[in-house]
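Close look at the chain arrangement
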Amino acid sequence: MTGSVLAAPQAVADDRQTAVVSLGDSAMSGEGAGDYEPGTRGENGNWCHRSVNSMIHRTQLAERTFNLACSGADSANVSLADTTHYTEGSQARRLIDIARTYRVTMVIVQIGANDEPAFADTLVGCIKEWFNPFSSGCAPKLRQQWPGRLAAMAPRVENALADVKSAMRQAGYSDSGYSLVLTSYASPLTEKMDRVLHGPQGCPFKINDAKYGRTEAVPQFNEALRGVASRSGARFLDFSRATEGREACSGGSNSSNEWQRRITVDPYALVYGGLDAIGIHLAQESFHPNAAAHGQLGRCVTQFVNSGADSARCLAGADGNLNAVA
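Residues numbered from 1 in each chain as written. Predicted model: local features only at pLDDT ≥ 70, side-chain atom pairs only at ≥ 80, totals over all residues. Heavy atoms only, no water.

Within an unreviewed UniProt entry, the label attached to the chain reads Lysophospholipase L1-like esterase, and the organism entered is Kibdelosporangium banguiense.

Regarding the UniProt feature "domain: SGNH hydrolase-type esterase" (unreviewed entry) in the chain
Feature annotation in UniProt places "domain: SGNH hydrolase-type esterase" (unreviewed entry) on residues 23-294, given in this structure's numbering. Between the C-alpha atoms that bound residues 23-294 there is a distance of 15 Å. The span itself is 36% helix and 8% strand. (UniProt positions renumbered as here; feature names shortened; annotations may be inferred. Helix = DSSP H or I, 4+ residues; strand = E, 2+ residues; numbered from the N terminus.)

Looking at the pairing of strand β4 (residues 179-183)
Of all five residues that make up β4, five are buried, and the element is covered over most of its length. Residues S179, V181 and T183 of β4 are buried on one face, and the alternating residues L180 and L182, pointing to the opposite face, are buried as well. Bridge count for strand β3 (residues 103-110) against β4 is four bridges, and the pairing is parallel. Bridge pairing in β4 places M106 opposite S179. (Buried < 20%, exposed > 50% of the residue type's maximum accessible area, 1.4 Å probe, protein only. Pairing = 2+ DSSP bridges.)

Describing the packing of aromatic side chains
Within this structure, the stated rule accounts for nine aromatic pairs. Arranged with centres 6.4 Å apart and planes meeting at 55°, the rings of F119 and W146 form a pair that is tilted. Taken together, the residues F119 in helix α4 (residues 119-130) and W146 in helix α5 (residues 139-170) connect sequence positions 27 residues apart. When the ring of Y173 is compared with that of Y178, the centres are 6.2 Å apart and the planes differ by 90°; the resulting orientation is edge-to-face. Given the relative accessible area of 11%, Y173 is considered buried. The ring of Y272 carries R41 above its face, with NZ or CZ at 3.8 Å from the centroid. The aromatic ring of F304 is capped on one face by R235, whose charged end is 4.6 Å from the ring centroid. (Phe/Tyr/Trp six-rings, centres within 6.5 Å; stacked < 30°, edge-to-face > 60°. Lys NZ or Arg CZ within 6 Å of the ring centre and 35° of its normal.)

Observations regarding the packing of helix α3 (residues 91-101) against α5
One can describe the packing of α3 onto α5 by two numbers: an axis separation of 8 Å at closest approach and a directional angle of 35°. Read as a crossing pair, α3 and α5 show a hand that is right-handed. Residues A92, L95, I96, A99 and R100 of α3 pack against D163, V164, A167, M168 and Q170 of α5. Residue composition of the contact of α3 with α5, grouped by class: seven nonpolar, one polar and two charged. (Axes fitted to C-alpha atoms, helices over the stretch in contact; angles between N-to-C directions. Left-handed = near helix turned anticlockwise from the far one by under 90°. Contact = heavy atoms within 4.5 Å. Nonpolar A, V, L, I, M, F, W, Y, C, P; charged D, E, K, R; others polar.)

What follows is the structure, encoded as structure tokens:
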């Protein structure tokens with residue numbers, strides 16, 4: 001009609017509950033934090049060890065929190081690929097269903113350690129070197145291999161992040177409609193432990209190997225993941241120094257203030273997983289952040305996301321609490 005003014009279409013309110021979702025491996029699932037969700041404690045072959053204490057559940061960012069991470073997962077298990085790990089399929093595919101049901105405001109990913117870096121196997125290899133008094137340790141060999149391993153890992157993590165973004169698009173989100181965060185890993189070890197008794201105290205590593213891990217391997221890993229985040233359009237949260245001064249065995253004979261587990265044998269693995277637990281699953285919690293660490297990491301994630309910064313580091317302040325420092 002002549003002279004009429006058409007009203008602008010009104011945006012449809014999204015009244016779904018808000019949610020944040022975590023994807024990744026043991027460091028994100030909550031391995032080491034205890035209180036694992038029933039069905040992920042080894043029952044019927046599922047060793048994902050998703051903890052109710054995981055950092056995602058300690059954030060203050062949304063009405064609901066969902067943890068899809070699984071201990072031992074690699075980048076392919078996070079991606080949209082048709083893979084199965086500990087009886088579970090693609091984490092990104094499960095993300096689609098959550099994102100359709102809830103209004104997801106953040107997806108946080110921690111992945112890469114179980115790709116070419118083979119972090120768990122590397123730690124086991126270094127432990128073997130500790131038992132050999134004539135060995136120069138694992139650091140000399142790793143120092144040569146590590147850059148190549150990280151270079152091989154990077155495109156796998158990039159592919160996983162691309163699939164996470166694809167999953168969110170399939171659920172109806174634009175790339176700017178939520179926050180995508182990639183994190184690195186905290187060093188589980190330090191050379192600053194009892195030089196004589198650290199082995200019996202639960203950290204059977206040569207001092208120089210522990211120093212190499214904290215001062216070279218973990219920082220290099222961190223920078224490789226920072227590059228992945230930049231190329232993938234993800235925000236980056238640096239965990240490399242998050243447990244500094246509270247690593248496994250840093251407290252000598254007193255572990256009460258540590259945020260990383262020492263060698264830990266879990267008898268409940270036999271209760272839930274039966275004979276399947278014999279072997280790696282009995283010690284699966286070893287050298288992972290504990291519940292106290294996850295509480296602090298959740299605090300740092302909350303600060304970081306609310307800050308709007310593209311990147312930050314999780315560092316302990318004067319009060320001992322972790323803060324996101326840009």
